[in-house]
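Given next are the chains, with one letter for each unit.
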Amino acid sequence: MPMKDDERFMREALKEARAADDADEVPVGAVVVRDGRVIGRGHNQRQQLADPTAHAEMIAITAAAAYVGDWRLNDCTLYVTLEPCAMCAGAIVLARIDRLVLGADDPKAGACGSLYTLTTDPRSNHQVAVTRGVLEDECSLMLQEFFRRQRALGKKG
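These remarks concern the structure in this document. (Residues numbered from 1 in each chain as written. Predicted model: local features only at pLDDT ≥ 70, side-chain atom pairs only at ≥ 80, totals over all residues. Heavy atoms only, no water.)

**Comments concerning a nonpolar patch on the surface**
Together, Leu115, Tyr116 and Leu118 give the surface a local cluster of nonpolar side chains, amounting to about 270 Å² of exposed area. Note that Leu115 resides in the loop between strand S4 (99-104) and strand S5 (129-131). Taking the relative accessible area as the measure of exposure, Leu115 reaches 42% and is therefore partly exposed. (Patch = residues over 30% accessible without salt bridge, like charges linked within 9 Å, V, L, I, M, F, W, Y side chains within 5 Å. Areas by Shrake-Rupley, 256 points an atom, 1.4 Å probe, with all protein chains shown as cover. Salt bridge = Lys/Arg side-chain N within 4 Å of Asp/Glu carboxyl O. Helix = DSSP H or I, 4+ residues; strand = E, 2+ residues; numbered from the N terminus. Buried < 20%, exposed > 50% of the residue type's maximum accessible area, 1.4 Å probe, protein only.)

**Describing the layout of surface pockets**
Its boundaries defined by the atoms lining it, the largest pocket holds a volume of some 620 Å³. In this structure, the largest pocket is lined by 22 residues; those nearest its centre are Val26, Leu82, Asp106, Leu143 and Phe147. Per-element accounting of the lining of the largest pocket gives the leading share, 5 residues, to helix H5 (residues 136-152). Of the residues in the lining of the largest pocket, the class split is 10 nonpolar, 5 polar and 7 charged. (1 Å grid on protein atoms, 1.4 Å probe; cavity = no way out; pocket = protein on both sides within 12 Å on 5 of 7 lines; lining within 4 Å. Points joined across faces, edges and corners; volume = space filled by probe spheres on them. Nonpolar A, V, L, I, M, F, W, Y, C, P; charged D, E, K, R; others polar.)

**Quick word on the packing of aromatic side chains**
Tallied over the entire structure, the rule returns 2 aromatic pairs. Measuring from centroid to centroid gives 5.5 Å for Phe9 and Tyr79, while their planes differ by 40°, and the two rings are tilted. Linking Phe9 in helix H1 (residues 3-22) with Tyr79 in strand S3 (residues 76-82), this pair joins segments that are 70 residues apart in sequence. Residue Tyr79 is classed as buried on the basis of its relative accessible area of 0%. Taking 5.1 Å as the distance between ring centres and 80° as the angle between the ring planes, the aromatic pair formed by Phe146 and Phe147 counts as edge-to-face. The class for Phe146 is buried, based on a relative accessible area of 0%. A relative accessible area of 26% places Phe147 in the partly exposed class. (Phe/Tyr/Trp six-rings, centres within 6.5 Å; stacked < 30°, edge-to-face > 60°.)

**Here's the deal with helix H3 (residues 56-68)**
Its 13 residues place the ends of H3 18 Å apart at the C-alpha level, agreeing with the 18 Å of an ideal helix rising 1.5 Å per residue. For H3, the full list of buried residues reads Ala56, Glu57, Ala60, Ile61, Ala64 and Ala65. The buried side chains of H3 occupy one side of the element, clustering within an arc of 155° when seen end-on. Within H3, the exposed residues directed more than 90 degrees away from the buried face are Thr62 and Ala66. Buried residues in H3 make contact with strand S1 (29-34), strand S2 (37-43), S3 and helix H4 (86-94). Where H3 terminates, the next one or two residues include Gly69, which has phi positive at roughly 80°. (Expected span 1.5 Å × (residues − 1). Arc of directions from axis to C-beta. Contact = heavy atoms within 4.5 Å.)

**Some points on the pairing of S2**
Sheet faces and side chains relate simply in a regular strand, where the side chains alternate between the two faces. Bridging between S1 and S2 involves 6 bridges; their strand directions are antiparallel. Counterpart to Arg34 in the pairing with S2 is Arg37. Linking S1 back to S2 in an antiparallel pair, the connection comprises 2 residues, with Asp35 at a positive phi of about 55°. (Pairing = 2+ DSSP bridges.)

Here's what the structure looks like:
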């Protein structure tokens, strides 16, 4: 897919991240795309749902599977503003997503190349092509500003 399309869909993921930010959630957003159309959207909702699994990727994958009517998301690309954690990377592999496009790396919890390499592990029955750094500055800045505000309020660090 051309870089122009990657940027367009990452902007859709950034819209989802803004929705998370507006809800005082860590601003991570994700969209699943098939055939040039968004078929699943999600943003972090851990606080709102009191659910540790309510990550943007998990919500977007669930929505896409419901749309498709199958747990297999072949021929799909997942766009996410922050590198997925081990739970989400595992779900990406299990859903058979073909491609992952991420904005910012996560050196503390990233499982798609930063800390772990779950999405490209050759021992797995499915590997995911990973494209890094799409709109990285915008994705990183949104997270940095969120945590700066949270620290100023004495909430998160």
